[in-house]
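Here is how the chains run, residue by residue.
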Amino acid sequence: MSEGLILSDVTLAVAGITLIDRLSLSVAPGEVISLMGPSGSGKSSLIAYLCGALDRQFQASGTVTLDGVCIDRWPIERRRVGVLFQDDMLFAHMTVGENLAFAVARGVGRAERQARVAQALAEAELTGFTNRSPATLSGGQRARVALMRAMLAEPRALLLDEPFARLDPSLRLRIRDFTFAMIAARGVPALLVTHDAQDVPGQMLDLGQPNPRF
Amino acid sequence: MRNAVIVRKGNVLAPVPAVVFALMIGPILLGLFGTLLPAFGYHPALGATQWSLAAWWALFADPSFATALRITLVTGLGATLMALTIAIGAVAALHNSRAFVYLKLWLAPTLAFPFASFAVGFAFLAAPSGLIARILSPWLTGWQLPPDLLILGDPNGVALLVALTLKECLFLILMLVAAEGQSQGDAALRSAQTMGYVPTRAWLVVMLPQLYPQIRLPVYAVLAASLASVDIAIVLGPAAPPPLAPLTLDWYGQFNAGDQMKAAAASVLQVFLSIGVVALWWLGEHTVGYLFCGIISSGRRHGVIDQAIGWIGVIGAGAALVTATSAILVLLLWSLASSWTWPDALPQAISLSTWRESGATLAPLVGNTVVVAVATSVIATGAAVLVLEAGIGHPQRRQIGILYIPLLLPQISFLFGLQLLWNWLLLDGTLSAVIFTHFLFVLPYVLLVLSEPYRALDPRIAITARALGAGQIRTLMAVKLPLLMRPLAVAAAVGFAVSVGQYLPTVFAGAGRISTLATEAVALASGADRRLAGVVALTLTALPFAALLAALIAPGDRAGDRSASE
Amino acid sequence: MIDMTTLLTPTRRQALIGLSLAPLVLSACGQPTGAEIAANAPWDDVLSKARGQDVNWAAWAGDAKINAYIGWVSSEVRLRFGIALTHVKTNDTANTMHQLLVDKLSGRTDGGRTDLIWINGENFTAALDAGLLWGPFAQHLPHWSMVDTKGNPSILTDFTVPNNGYESPWGMAQLTFFYDSANGVSPPRTIAAFSEWAASHPGRFTYPAPPDFAGITFVKQALYAFITDRSILSKPVVKADFPRTTAALWAYFDALHPNLWRGGRAFPPDYPTLRQMLEDRETDIAFSFNPAEASTAVTSGLLPATTRAYILDGGTIQNTHFVAIPFNAAAKAAALVVANFLLSPEAQARKADPRLWGDPTVLDLHALAPVDRARFTDLPNTAQLPDAAALAHALAEPHPSWHVHLVEAWRARYAT
């Protein structure tokens, strides 16, 4: 029974200043909830918190539940929460195929792994790119590879930290639609952090006033 | 997210820094303790079992002590001050100019040149019977025989001070350049210049305050090394009395209770001396900083100070490079000479016989040197990676500060006690003991080289990898390290170079049984045969140079710049 | 040229032995102890026990020609006796002493890592007093009968302290002066003459600063010239009398120093630097312990062929250097065999060869068979050797306490 991603009373503070105050929300599988807010409102920190990479300087409280399991105390690699950043974060020393293969679970046999990679490339309309180096790809191609890589890890939730911000406006729409289609098709709850109201496909949450520090 | 991001849970490497520190600090503390006991009268083997302060009274009453102390303080502090001034001046005056690019290129080989060999070359250049005098005689000077001029080994240690200054300013220039590479100073500098500040002053006012904290530890290391230097002091310093460190070594060499305990007391004293002088320097920093604030906010665009410092820097750095290069060339000539007597400016005959004949004796030395250096640098690089990985997110500076301790303590103060520990473990005189002792001194340098690139690696890469399901170790091995290939190679090469040059640690841990090129170079530096000294010195320089070259050429450009470029 | 031809193969083997010994030490915690051997055991027993043993000989390695000689010894004992000899190169005997001290402290009475030590002087006395040496053994060596104990009393008393057979003699050292005769130098032949010579040739002579061994020996040599009653030198120093007995000595040095190299404000730190200064023509006269030093330096091209050596009128200080066996040596039998081999006419003659090392022999030539005697008389008499008759005129080392007091006094006066 998939319940999706549920945040309960999540509070984030650093140096005595509360960034996020008792945030509760629930994201259903396949749903995309957007978080908006100006710089410094804690959006990226929330992403870090949710995937398990929150900086030590922060204090956090509240609970995060994923598919009925509380994942607060779990290390990043156990949570099965995928992250996409502004920059594609493709590993420069690996080929496209190796990047994708990296995401496939450990126990999978070689033939099966290669098949999954090929299928992912096909879905992204990037067949034949297996041995290309990421540096040789265009921005849009890299964004697609990054998304497929995240999906190959079979995440149970997906966090997106302004993933379209670096793309050309002309590309943005296509990649956005592709991304949301993927999310809906795989039935993964997704949390999207963005500046741009146009990015928002569904529900939106405003994280409130900017922090006086900034 | 600007700050380094760490993983809350799942840091399997968390205990690593503590283990590494224990492995390093533990033996050092034991070593200090082993040296401390005889200083307070406890030397059972030589029949002294009463706790007493007799050793200290004997030390203070020794006729040479006061002068030795004075020479040590003057040369140590003086050389560091001068070297720092030259380094600051050179970088301030020359940065961004074309000359600076050449300077940086010229820097690399001169830094690989070991100190003891530099001292031998310098001695031959500067001596009244040396190269400069030979070139000028007798046609200019009219000297038929070398003049009786007190240049080297003068009772105040001036020659020693000059040599220390010249060699150390090059190291400090390197440190400044490295620190500058991390900062984004160019824009700030340009805006200062558009406000009318002359380039030198702009650098002093804008960059120096930012950069000094980053070179503070290297400066302290230079200070400690100058105070405790043994090998160069033997070649260039006075003999009656010598500075404190060689004097202590003399006492250690006399096998009777009185001298042994004096030596122990002197070793302990040198620890306090090191700490005291560094503290004094720290006070000095604050005083200078305070005065400097006034200068900075005075609004003066140019002045005497920056001109003076600039000139000192340029002339000093130039002199250092010329001297170092000449020293290498001189030793090269000596290695090829079959006979070279006064007043000839060039050898009378050239031959390769020294090289050929010393091949057999040098082979085991090179073997030892390389084995120890490779093992040490590999272990140190591995340890550094683990420490850095475990400590992501912790304030790094304090960590590195602790690991700098072996560089700040006078080597002689704990190496003797450490040798007792090795002896007790039946390990002294073994390669393992030498490797471990070298490791103590190599790790700080490796960390120094590696920590910035490590931290500069975009933390989101690691997060992405782990979010894809890879654990900490797998992320480290499959993602992070391949991206850091070039810095890793350079760090390992630096570790290799540092190990190759270690003298006292090899002598002590090796119980005088394991000879490396460095120990041989110092043994030959006292004048046995300059031809052989030349051969050894050149081999000793070639090794780290080759390592650094290999590291810089090695492929690794796919590990491009992944630092946050927003 | 550097005479290292004999170094090639033995050194490589030595190195491999040395390097492979290191892990052996680690894993085996010292060598297999085997049964102890008595010093006066029948020699055949000693030989058979020695076969297959490894001997670690800690010897100062600061001189290439000595290292070469030891390399030759190593290959010979392997061939003849099946002993694997490793030259443990030390910069300083004190290191070996420290190691033995710690061994004794930790109660390690066998399986020690050093089997033979090259030693003399106060190091020996201190080691003996601390119980670090094994013996007595020297008088049980077969070749002992050939040693010239009558002609060289310093063989039985190391620095006037009887050694009681705890060390076996190896070679002789005698203070020898040398200079380049092509420079028109007419060198002084007595200590007093040195003062005059220095006055007319200021800055052309000096000596290493004590506590360097060569330096303090020069001081002792000068002491001989100024002491009225030489017999007190073989006894311990009487502290109360010391200032009075040495007053003339210090007056001499006070007058000498301003005419020395660098006006006596700086001194070379050790003997190798002193010899280098002669090469560089910074000084005109140097001195050494090895009478053949000038000869071997000429052979290796460091000094010109016009170099000449001489002994001061009235004789110069002579001493013997020895090898000793540590209390916890693991290969005592093999160490005995090596010590005995070092006393063999063949080994002594090779050592005395001025082309190789030139260290004088401790053997009584008259006690040798004619064949063996010929080995010595056939040695080339190079022009750089001092006159043999003058060599015979030797002065004994003073009691060790003189050494300590002289060093202290010198430093109090000139090294402050």
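All values derive from a computational prediction rather than experimental measurement.

Topic: the overall build of chain C
Within chain C, the secondary structure is distributed over 15 helices and 12 strands. Sorting the 416 residues of chain C into buried and exposed places 55% on the buried side. The contacts of chain C with a sequence gap of at least 6 include a subset with a gap of at least 24, amounting to 84%.

Brief notes about the arrangement of the chains
Counting contacts across all 2 pairs of chains that touch, the top-ranked interface belongs to chains B and C. These two, chain A and chain C, are apart from each other, with no contact and a minimum C-alpha gap of 41 Å.

What about the sheet that holds strand 9 (residues 204–206) of chain A?
Pairing between the strands of a sheet is mediated by backbone hydrogen bonds and can be parallel or antiparallel. All names here are of chain A. Reading across from one edge, 6-7-8-3-9 is the order of the 5 strands in this open sheet, with parallel pairing throughout. At either end of the open sheet lies a strand with only one pairing partner, and these are strand 6 (81–84) and strand 9. Neighbour-to-neighbour, the strand axes of the sheet open up by a mean angle of 20°, direction not taken into account. Bridge count for strand 3 (residues 32–36) against strand 8 (residues 190–194) is 5 bridges, and the pairing is parallel. Among the inter-strand pairings, Leu35 is bridged to a residue of strand 8, identified as Val193.

A word on unusual backbone geometry
The residue after C:Gly135, namely C:Pro136, is reached through a cis peptide bond having omega -5°. Checked against the element boundaries, C:Pro136 lands in the loop between strand 4 (133–134) and strand 5 (157–158). Its identity as a non-glycine residue notwithstanding, A:Asp9 has a phi of 50°, on the positive side. As for its position among the elements, A:Asp9 is in strand 1 (residues 5–14). We classify A:Asp9 as exposed; it has 11 C-beta atoms within 10 Å. Positive phi, normally seen in glycine, also occurs at A:Met89, with a value near 55°. For A:Met89, a count of 25 C-beta atoms within 10 Å corresponds to the buried category.

Here we look at the sheet that holds strand 1 of chain A
Residues and elements named next belong to chain A. Strand order in this open sheet of 4 strands is 2-1-4-5, and the pairing throughout is antiparallel. The sheet is open, and its two edges are formed by strand 2 (17–27) and strand 5 (69–70), each paired on a single side. Two elements, strand 4 (residues 58–66) and strand 5, share 2 bridges in a ladder whose sense is antiparallel. Within strand 5, the residue paired with Thr65 across the bridge is Cys70.

Description of the nonpolar core
Residues and elements named next belong to chain B. With 369 residues, the main nonpolar core has Ala119 and Leu172 as its most contacted residues. No other element matches the 17 residues that helix 9 (residues 199–228) contributes to this core. Dropping the residues within four chain positions of it, Ala119 is found in contact with Ala163, Asp231, Ile232, Val235, Leu236 and Ala525.

Examining helix 3 (residues 65–94) of chain B
End to end, helix 3 of chain B covers 43 Å across 30 residues, agreeing with the expected 44 Å (1.5 Å per residue, within 8%). One or two positions beyond helix 3 of chain B, positive phi appears at B:Asn96, with a value near 75°.

Thoughts on the confidence of the model for chain A
All names here are of chain A. With 95% of its residues at a pLDDT of at least 70, chain A reaches an overall mean of 86. The secondary structure element of chain A with the lowest average pLDDT is strand 9, at 77, and the one with the highest is helix 3 (residues 96–103), at 94. Per-residue pLDDT stays below 50 along residues 210–214; that stretch engages in 11 contacts with residues further than four places along the chain or on separate chains.

Quick look at the packing of helix 7 (residues 213–226) of chain C against helix 8 (residues 242–256) of chain C
Residue and element names in this part refer to chain C. At a minimum axis distance of 9 Å, the contact between helix 7 and helix 8 shows a crossing angle of 120°. What the angle tells us is that helix 7 and helix 8 run oblique. Between helix 7 and helix 8 the crossing geometry is right-handed. Note on element contacts: helix 8 touches helix 7 through Ala248, Leu249 and Tyr252, opposite Ala222, Leu223 and Phe226. In terms of residue class, the contact of helix 7 with helix 8 is built from 6 nonpolar, no polar and no charged.

Comments concerning the interface of chain C and chain B
Of the residues lining the interface, 57 residues belong to chain C; the matching set on chain B comes to 55 residues. For the side of chain C that touches chain B, the secondary structure elements donating two or more residues are helix 1 (8–28), strand 2 (84–90), helix 4 (93–105), helix 5 (121–129), helix 9 (271–279) and helix 15 (400–414) of chain C. If you tally residues by element for the side of chain C that touches chain B, the top one is helix 4 of chain C, at 8 residues.

A short note on the domain arrangement of chain C
Residue and element names in this part refer to chain C. When cut into domains, chain C gives domain 1 (5–172 + 319–381) and domain 2 (176–318 + 393–414). For domain 1 and domain 2, the distance between their C-alpha centroids amounts to 30 Å. Facing 16 residues of domain 1, the contacting portion of domain 2 comprises 16 residues. Among the residues forming the side of domain 1 that touches domain 2, the class breakdown is 7 nonpolar, 5 polar and 4 charged.

With respect to the environment of B:Gln260
The residue B:Gln260 is located in helix 12 (residues 257–296) in this model. Under the C-beta neighbour-count criterion, B:Gln260 is labelled buried, with 26 such atoms within 10 Å.

Let's talk about the confidence of the model for chain C
Residue and element names in this part refer to chain C. Here chain C shows a mean pLDDT of 83. Residues at 70 or above account for 91%. Across chain C, the secondary-structure element scoring lowest on mean pLDDT is helix 1, at 34, and the one scoring highest is helix 11 (residues 332–342), at 94. Scored below 50 in pLDDT, residues 1–35 shows 65 contacts in the model against residues more than four places distant or in partner chains. Per the prediction output, this complex has pTM 0.81; the corresponding ipTM is 0.91.

Rules used throughout
- Throughout this description, residue numbers start from 1 for each chain and increase along the sequence as written.
- Key to labels: chains lettered from A, ligands numbered from 1, both in the order written.
- At least 70 in pLDDT is required for a residue's local features to be given in this predicted model, at least 80 for side-chain atom pairs to be given and counted, and no such filter applies to totals for whole chains, interfaces and linings, which use all residues.
- A helix here means a DSSP run of H or I that spans at least four residues, while a strand means a run of E at least two residues long, and both kinds are numbered starting from the N terminus.
- Comment: burial labels come from other C-beta atoms within 10 Å of the residue's own C-beta, placed from the backbone, where a count of 20 or more is buried, 12 or fewer is exposed, and between is partly exposed.
- Contact definition: two residues whose C-beta atoms, as placed from backbone geometry, lie within 7 Å.
- When DSSP finds at least two bridges between two strands, those strands are taken to pair.
- Note on geometry: axes are lines fitted to C-alpha atoms, helical ones only across the stretch in contact, with angles between N-to-C directions running from 0 to 180 degrees.
- By definition, a nonpolar core groups buried Ala, Val, Leu, Ile, Met, Phe, Trp, Tyr and Cys residues that connect through C-beta atoms lying within 7 Å of each other.
- Here, expected helix span is obtained from the residue count minus one, scaled by 1.5 Å.
- On a scale of 0 to 100, pLDDT captures the predictor's confidence in every residue.
- When describing relative orientation, an angle under 35 degrees is termed roughly parallel and one over 145 degrees roughly antiparallel, while 65 to 115 degrees is termed roughly perpendicular and anything else oblique.
- The handedness criterion is simple: a crossing whose near helix is rotated anticlockwise from the far helix by less than a right angle is left-handed, and one whose near helix is rotated clockwise is right-handed.
- Note on residue classes: Ala, Val, Leu, Ile, Met, Phe, Trp, Tyr, Cys and Pro are nonpolar, Asp, Glu, Lys and Arg are charged, and everything else, Gly too, is polar.
- What counts as a domain boundary in this text is fixed by an automatic or database domain assignment.

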